[in-house]
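Close look at the chain arrangement
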Amino acid sequence: MFDVTMAHAAAAATVATDTGLGGLVLEKAGQYVLIIAFFGSIIWFLRFLYGPKGVFRDPAWDRWNEDARREDASKAKAGDGPDCPDCSDCADDEATGAAEPPAAASPIAEGDRP
């Protein structure tokens, strides 16, 4: 009876230390690697679909981004942008964290959506 129990214990011990994919799944570090790979693949897939130049990306998003970039560039060129060191209003906004969204970012104002 003791020999049978020892045989089962020896078989169970070899399963836990088996090399290959089975050993990777059974070890805790291997499980973390598989979890990170799984969620990383989901993140990559969603970025492929909806990220920059994505398959299902709404073109209005790109227009809004370009409008915001042009507005920032014109403010920087005029000297009243956020990079202006002598502007006291900019320093107050940065200290409080208050920021206003651009008016062109509203889908209703642009007329793209009902």
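Definitions and cut-offs
Residues numbered from 1 in each chain as written. Predicted model: local features only at pLDDT ≥ 70, side-chain atom pairs only at ≥ 80, totals over all residues. Heavy atoms only, no water. Helix = DSSP H or I, 4+ residues; strand = E, 2+ residues; numbered from the N terminus. Buried < 20%, exposed > 50% of the residue type's maximum accessible area, 1.4 Å probe, protein only. Areas by Shrake-Rupley, 256 points an atom, 1.4 Å probe, with all protein chains shown as cover. Polar contact = N/O pair within 3.5 Å; in protein donor to acceptor, adjacent residues only side chain to side chain. Contact = heavy atoms within 4.5 Å. pLDDT = per-residue confidence, 0-100. Expected span 1.5 Å × (residues − 1). Salt bridge = Lys/Arg side-chain N within 4 Å of Asp/Glu carboxyl O. Phe/Tyr/Trp six-rings, centres within 6.5 Å; stacked < 30°, edge-to-face > 60°.

This part takes up the overall build of the protein. Within the protein one finds six helices and zero strands. The order of helices and strands in the protein, counted from the N terminus, is α-α-α-α-α-α. Here the protein holds 114 residues, and the buried ones make up 11% of them. For the protein, the accessible area works out to roughly 9,500 Å², and carbon and sulfur atoms hold 65% of it.

Next up on the list: the side chain of Arg57. Residue placement: Arg57 occurs in the loop between α3 (28-50) and α4 (59-78). Given the relative accessible area of 18%, Arg57 is considered buried. There is a polar contact of 3.5 Å between the side chain of Arg57 and the backbone oxygen of Tyr50. In contact with Arg57, not counting residues within four places along its chain, are Leu49, Tyr50, Gly51, Pro52, Asp62 and Asn65.

The predicted coordinates of low-pLDDT regions are not to be read in fine detail. Per-residue confidence for the protein gives a mean pLDDT of 73, with 51% of residues at or over 70. By mean pLDDT, helix α5 (residues 88-96) is the weakest element of the protein at 53, and α3 is the strongest at 93.

A few words on α4. In this model α4 runs 29 Å from its N-terminal to its C-terminal C-alpha over 20 residues, within 8% of the 28 Å that 1.5 Å per residue would give. Residue Gly79 follows α4 closely and has a positive phi angle near 95°.

With that out of the way, let us pick up unusual backbone geometry. Of note in the backbone geometry, Lys53 takes a positive phi value of approximately 60° without being a glycine. Relative to the helices and strands, Lys53 resides in the loop between α3 and α4. Residue Lys53 is classed as exposed on the basis of its relative accessible area of 84%.

Another aspect to go through is the pattern of salt bridges. Summed over all chains, the structure comprises four salt bridges. The partner of Arg69 in a salt bridge is Glu66, with the nearest N and O atoms 3.0 Å apart. In this pair, Arg69 and Glu66 both sit in helix α4, three residues apart, roughly one turn of the helix. Taking relative accessible area as the criterion, Arg69 reaches 52% and is therefore assigned exposed.

So, on to the environment of Asp67. Considering the arrangement of structural elements, one finds Asp67 in helix α4. A polar contact of 3.2 Å, which involves the side chain of Asp67, links it to the side chain of Arg70.

Our focus in this paragraph is the packing of aromatic side chains. In this description, an aromatic ring pair is defined by two values, namely the gap between the centres and the angle between the planes. Applying the stated rule across the entire model yields three aromatic pairs. On the numbers, 5.8 Å between centres and 15° between planes, the contact of Trp44 with Phe48 is stacked. Here Trp44 and its partner Phe48 are both found in helix α3, four residues apart, which amounts to about one turn of the helix. Judged by relative accessible area, Trp44 falls into the exposed class, the value being 58%. Taking the centre distance of 6.1 Å and the plane angle of 40° together, the rings of Tyr50 and Phe56 count as tilted.

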